[in-house]
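Here's the letter readout for the chains.
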Amino acid sequence: QVQLVESGGGLVQPGGSLRLSCAASGITFSTSTMSWYRQDPGKLRELVASITSGGKTNYADSVKGRFTISRDNAKNTVYLQMNSLKPEDTAVYYCKAFLYYWGQGTQVTVSS
């Protein structure tokens with residue numbers, strides 16, 4: 001019954017922007033730290049950004065200044081605004097709730 005559904009991925013040119021969304025259901029969303037991870041084939045999954053229930057944020061060094069994580073508890077949704085995208089940002093992006101609930105991922109491809 002727990003479901004996390006990511007959306008907003010796609011193909012963009014270097015320097016472009018995308019806004020990812022993760023809609024959650026079946027959990028007490030407002031109490032959960034929410035996180036975005038990403039993974040390319042053959043590589044380990046890495047933490048991109050997180051936001052606690054109190055609104056504290058954390059970012060990977062590689063995305064600081066370019067990505068912004070936010071949440072809307074009324075909509076049970078967490079967002080990832082991605083600006084100044086680089087080819088190395090290409091990956092499947094996954095949403096995580098609490099320590100163990102995962103979405104299916106959304107593909108982000110940055111290419112000219």
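Worth saying up front: this structure is predicted, and the values here are computed from it rather than measured.

Draft legend 1. Spotlight on the nonpolar core. The biggest cluster of nonpolar side chains holds 28 residues, and the ones touching the most others in it are Trp36, Val78, Leu80, Met82 and Tyr93. The contacts of leucine 80, once residues within four sequence positions are left out, are Leu18, Arg19, Leu20, Trp36, Val48, Ala49, Phe67, Thr68, Ile69 and Tyr93.

Draft legend 2. How the structure looks around the environment of isoleucine 27. You can see isoleucine 27 is positioned in the loop between strand S3 (18–25) and strand S4 (34–39). Judged by relative accessible area, which is 14%, isoleucine 27 ranks as buried. Placed 62 residues apart in sequence, isoleucine 27 and aspartate 89 show a C-alpha to C-alpha distance of 29 Å. Excluding its chain neighbours within four sequence positions, the residues that come into contact with isoleucine 27 are Val2, Ala97, Phe98 and Tyr101.

Draft legend 3. Summary view of the state of the cysteines. One pass over the structure, following the stated rule, counts one disulfide. Linked covalently through their sulfurs, cysteine 22 and cysteine 95 form a disulfide whose S-S length is 2.1 Å. Its torsion about the S-S bond being -80 degrees, the disulfide of cysteine 22 and cysteine 95 is classed as left-handed. Of the two residues, cysteine 22 is situated in strand S3 and cysteine 95 in strand S9 (residues 91–97); the sequence distance between them amounts to 73 residues. For the residue pair cysteine 22 and cysteine 95, the accessibility class agrees, reading buried in each case.

Calculation criteria
- Residues numbered from 1 in each chain as written.
- Predicted model: local features only at pLDDT ≥ 70, side-chain atom pairs only at ≥ 80, totals over all residues.
- Heavy atoms only, no water.
- Core = buried A, V, L, I, M, F, W, Y, C linked by side-chain atoms within 4.5 Å.
- Buried < 20%, exposed > 50% of the residue type's maximum accessible area, 1.4 Å probe, protein only.
- Contact = heavy atoms within 4.5 Å.
- Helix = DSSP H or I, 4+ residues; strand = E, 2+ residues; numbered from the N terminus.
- Disulfide = S-S within 2.5 Å.

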